[in-house]
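Summary of structural features
Single-letter residue listing:
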Amino acid sequence: MGSTCEMMSIWRRLSLFVLASALCSCPCRGEDSAMENIVTEKKAEESHRQDSADLLVFILLLTLTILTIWLFKHRRFRFLHETGLAMIYGLLVGVVLRYAIHVPSDMNNITLSCNVNASPATLLVNVSGKFYEYTLKGEISGSEVNDIQDNEMLRKVTFDPEVFFNILLPPIIFHAGYSLKRRHFFRNLGSILAYAFVGTVVSCFIIGLLMYGCVMLMKQIGHLGGDFFFTDCLFFGSIVSATDPVTVLAIFNELQVDADLYALLFGESVLNDAVAVVLSSSIIAYQPEGDNTHTFEAMAMLKSFGIFLGVFSGSFALGVATGVVTALVTKFTKLRDFPLLETALFFLMSWSTFLLAEACGFTGVVAVLFCGMTQAHYTFNNLSPESQERTKQLFELLNFLAENFIFSYMGLTLFTFKNHVFNPIFIVGAFLAVFLGRAANIYPLSFLLNLGRKHKISPNFQHMMMFAGLRGAMTFALSIRDTATYARQMMFSTTLLVVFFTVWICGGGTTQMLSCQKIRVGVDTDQENFIGPDGVERRSTKQESAWFFRIWYNFDHNYLKPLLTHSGPPLTATFPACCGPLARCLTSPQAYENEEQLKDSDSDLILNDSDITLTYGDITVSTDATGAHTSGMPVGRVAVNSDEALDRELAFGDHELVIRGTRLVLPMDDSEPPLPLDSRRHRHKNETMS
């Protein structure tokens, strides 16, 4: 027993000794670990403060831009648009950051050499038994290794290109589709599609071929410092073919320029951006079979064309499908009772379209554009009045901020981007190629389109469209997305200069160009008659419509609008009798509660179609040459047989036909509020008597 107690006493003493030894040896290691933690926390705090200061710079830039815009609008100064002003402020800040601010070098920075075959995206470094993770930020030239801290400061104000594509571009593109004036857009649909698709492809190849000749010249005289292939020239042609006449369109809207000219420019730029994005992706995917020679090969070109069609079609379908899903959700739920939730769902569904398309390998720009058009045509009608106002203002605000942020950042990157490659021969060749490419887009296509148009695109309109081919946010975003190679760096630097020139010179000279071409301003798009660009007096409501749109309109009016919205005739009146139960299930109660009002914003787009029929219950309404209304046997549709008579009936906007207690409202303009019933009846009575 005594020996056992003695052994336990010895064990306790030994344990205390080991514990004491451990405690004596811990302070050094504990102090080192504590010091490392303190240093790490200080560096994290400094980095956080630097990031906050960088973001504050951009916020102050936008604030200064807004205040100056107000001053310009107050003084009616139109020689410089807000986007050009944002670029100037960005340039000034870039000069200050590049040459006036110097950050002392950090003595803790260590440069070690390690021979590897590739540059890994993530690097694990073993420092005294501790592993640290480092991420790749980019290549540093040998001459800049000693100035690595200054490079770090400039990189802080250089955003990841994915920020532009995933955060800044979606609201800009969505707002373009959501705010589209469908009335004038669809009237000129054929011409817009020709300019956007055929014109962009022609412009891309014209610019690409001219730039390839320029590159060959640079190679012959020894001014080419790296590889520059034919596919690189085509890629450059695709990105600079993306027009963004935001400056010109803003002035057009302020001066109330001819609505058809506005629609041609706006419609072309909206679809042109989408085509340019898909075209650039197809050119990147272009790869001839065999070795990597980047030479032209017919099969590879056909494959690239197939990729273009597939990506565009898939993106289009995905955008429309998302809009349809949102319309169905807002129609068959009670979300309109909670406007905040309704607006939040609308916002998230719209934004997710872009990310979903990119994740599926399609193009988010195309998807979100057509999603915006679908949301405006269908979902908007299901929203509560509060949500309708909120969504319009929300995306208008996001578009304004994102657009001005991008233009400010353009000016900043001219001095903060460290890998600029400015080649005078390439720059001069680029400006010449862009001019010729735009001319090849506008003038030949306008000549061909005028062969089939009733109202011609006049020469002064063509000159204005040629002059208004500005390059902007989309061109910049496409060029900055990849600047890893010598060719891409030269393209990015040249693209910046092209954007600066077109925004400042072409955008600033818009008012003078309008005067020079004698294009009328102050034109009321809702007025009955005005002098067209060809000098012929015509009606603003008398336009040709694409035959495809006429067919689609009938289908949309009779089936899609009633299915996806609370507007239009009930499906019980348009579906066959055998589908009665399904029609009653899909028709919302509001369709009956609204006394079968037809609220169709596109009814004036097909005025010159002599065979359009609108299915609406069991009423047949026709108009004779005098504009009088006659009702006939119930045949299940409303027939419009006289183009001139219907034009006379609908000339004043929203006009109401009262037949057997059923009201048929045909709105002529989205912006014109419906008049009271008594006022419309009185106005119609006066018109009939006259």
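About the criteria used
- Residues numbered from 1 in each chain as written.
- Predicted model: local features only at pLDDT ≥ 70, side-chain atom pairs only at ≥ 80, totals over all residues.
- Heavy atoms only, no water.
- Helix = DSSP H or I, 4+ residues; strand = E, 2+ residues; numbered from the N terminus.
- Buried < 20%, exposed > 50% of the residue type's maximum accessible area, 1.4 Å probe, protein only.
- Contact = heavy atoms within 4.5 Å.
- Areas by Shrake-Rupley, 256 points an atom, 1.4 Å probe, with all protein chains shown as cover.
- Pairing = 2+ DSSP bridges.
- Expected span 1.5 Å × (residues − 1).
- Salt bridge = Lys/Arg side-chain N within 4 Å of Asp/Glu carboxyl O.
- Axes fitted to C-alpha atoms, helices over the stretch in contact; angles between N-to-C directions.
- Parallel < 35°, antiparallel > 145°, perpendicular 65-115°, else oblique.
- Left-handed = near helix turned anticlockwise from the far one by under 90°.
- Nonpolar A, V, L, I, M, F, W, Y, C, P; charged D, E, K, R; others polar.
- Patch = residues over 30% accessible without salt bridge, like charges linked within 9 Å, V, L, I, M, F, W, Y side chains within 5 Å.
- Polar contact = N/O pair within 3.5 Å; in protein donor to acceptor, adjacent residues only side chain to side chain.
- Core = buried A, V, L, I, M, F, W, Y, C linked by side-chain atoms within 4.5 Å.
- Phe/Tyr/Trp six-rings, centres within 6.5 Å; stacked < 30°, edge-to-face > 60°.
- Lys NZ or Arg CZ within 6 Å of the ring centre and 35° of its normal.
- Bend = angle between axes of the 7 residues up to and from the residue.
- pLDDT = per-residue confidence, 0-100.

The protein is annotated in an unreviewed UniProt entry as Sodium/hydrogen exchanger from Cyprinus carpio.

Quick look at the overall build of the protein
For the protein, the helix and strand inventory stands at 24 helices and 10 strands. Buried positions account for 48% of the 690 residues belonging to the protein. Across the protein, contacts joining residues at least 24 apart in sequence account for 76% of those joining residues at least 6 apart. Of the roughly 34300 Å² that the protein leaves accessible, carbon and sulfur atoms contribute 64%.

Some details on the pairing of strand β2 (residues 130-135)
For β2, the buried fraction is low: zero of the six residues fall into the buried class. Alignment of strand β1 (residues 122-127) against β2, held across six bridges, turns out to be antiparallel. For Leu123, the partnering residue across the bridge sits in β2 and is Tyr134. Here β1 folds back onto β2, and the loop between the two strands holds two residues, one of which, Ser128, carries a positive phi near 55°.

Section: helix α17 (residues 486-508)
Here α17 is 23 residues long and its end C-alpha atoms lie 33 Å apart, about the 33 Å a rise of 1.5 Å per residue gives. Within α17, 19 of the 23 residues are buried, which leaves it mostly tucked inside the rest of the structure.

Things to note about the pattern of salt bridges
Using the criterion set out here, one finds three salt bridges in the structure. A salt bridge links Glu358 to Arg481, with the nearest nitrogen and oxygen atoms 3.9 Å apart. With Glu358 in helix α11 (residues 339-359) and Arg481 in the loop between α16 (473-480) and α17, the pair connects residues that are 123 residues apart, well separated along the chain. The exposure class assigned to Glu358 is partly exposed, which follows from its relative accessible area of 26%. Note that Asp482 and Arg488 form a salt bridge whose closest N and O atoms lie 3.1 Å from each other. A relative accessible area of 32% places Asp482 in the partly exposed class.

Here we look at the packing of helix α4 (residues 161-178) against helix α12 (residues 364-382)
One way to put it is that α4 packs onto α12 with a least axis distance of 7 Å and a crossing angle of 40°. Classed by the angle they form, the pair α4 and α12 counts as oblique. Of the two elements, α4 crosses α12, and the hand of that crossing is right-handed. Residues Pro170, Ile173, Phe174, Gly177 and Tyr178 of α4 form the contact with α12, whose participating residues are Val365, Val368, Leu369, Cys371, Gly372, Met373, Gln375, Ala376 and Phe380. Along the lines of polarity and charge, the residues of the contact of α4 with α12 split into 11 nonpolar, three polar and no charged.

Structural notes on unusual backbone geometry
Positive phi values are uncommon outside glycine, yet Lys518 reaches one of about 55°. Relative to the helices and strands, Lys518 is located in the loop between α18 (510-516) and β3 (529-531). The class of Lys518 is exposed, set by a relative accessible area of 73%.

A few points about a nonpolar patch on the surface
On the surface, Val198, Val202, Ile206, Leu210, Leu432, Phe435 and Leu436 cluster together into a nonpolar patch covering about 560 Å² of accessible area. Secondary-structure elements contributing two or more residues to the nonpolar patch are α6 (189-220) and α14 (424-450). Looking at which element gives the most residues to the nonpolar patch, the answer is α6, with four residues. Looking at the secondary structure, you find Val202 in helix α6.

Some points on the side chain of Ser203
Note on placement: Ser203 falls in helix α6. Judged by its relative accessible area of 3%, Ser203 falls in the buried class. Within the structure, the side chain of Ser203 is placed 3.1 Å from the side chain of Ser241, a separation counted as a polar contact. In contact with Ser203, other than residues within four places in its own chain, are Ser241, Gly437 and Arg438.

Notes on the nonpolar core
Counting residues in each nonpolar core, the largest one holds 124 residues, and the members touching the most others are Met211, Phe236, Phe252, Phe426 and Phe476. When residues of this core are assigned to their parent elements, the largest contribution, 14 residues, is made by helix α9 (residues 259-285).

Re the packing of aromatic side chains
What the rule picks out here adds up to 28 aromatic pairs. Measuring from centroid to centroid gives 6.1 Å for Phe174 and Phe346, while their planes differ by 75°, and the two rings are edge-to-face. Taken as a pair, Phe174 in helix α4 and Phe346 in helix α11 lie far apart in primary sequence, 172 residues in all. Residue classification places Phe346 among the buried positions, given a relative accessible area of 1%. Put simply, the rings of Phe174, Tyr178, Phe346, Phe347, Trp351, Phe380 and Phe395 pair up and form one aromatic cluster. Of note, Arg481 hangs over the ring of Phe165, and the distance from its end group to the ring centre comes to 3.8 Å. A cation sits over an aromatic face here: Arg488 above Phe235, 4.1 Å from the ring centre.

What about the packing of α14 against α17?
It is the contact of α14 with α17, at a shortest axis distance of 10 Å, that shows an interaxial angle of 50°. Comparing the axis directions of α14 and α17 gives the class oblique. Of the two elements, α14 crosses α17, and the hand of that crossing is right-handed. On α17, the residues touching Phe426, Ile427, Ala430 and Phe431 of α14 are Met490, Met491, Thr494, Leu497, Val498 and Phe501. Each residue belonging to the contact of α14 with α17 can be placed in one class, and the counts come to nine nonpolar, one polar and no charged.

A few points about α6
The terminal C-alpha atoms of α6, which comprises 32 residues, lie 46 Å apart, in line with the 46 Å expected from a rise of 1.5 Å per residue. At Gly199, α6 shows its largest kink, close to 35°. Among the residues trailing α6, Gly222 stands out with phi positive, at a value near 80°.

A word on the confidence of the model for the protein
Confidence in the prediction of the protein, expressed as mean pLDDT, is 74, and 68% of residues score 70 or more. Considering only residues more than four positions removed or in separate chains, one finds that residues 10-27, a stretch of pLDDT under 50, has zero contacts.

Describing the environment of Phe407
Examined against the element boundaries, Phe407 turns out to sit in helix α13 (residues 385-416). Of the residues examined, Phe407 reaches a relative accessible area of 0% and is grouped as buried. Spatially, the C-alpha atom of Phe407 lies 7.0 Å from that of Ala473, the residues being 66 residues apart in sequence. Not counting residues up to four positions away in its chain, the partners in contact with Phe407 are Thr83, Ala86, Met87, Asp244, Val246, Gly472, Ala473, Val499 and Val503.

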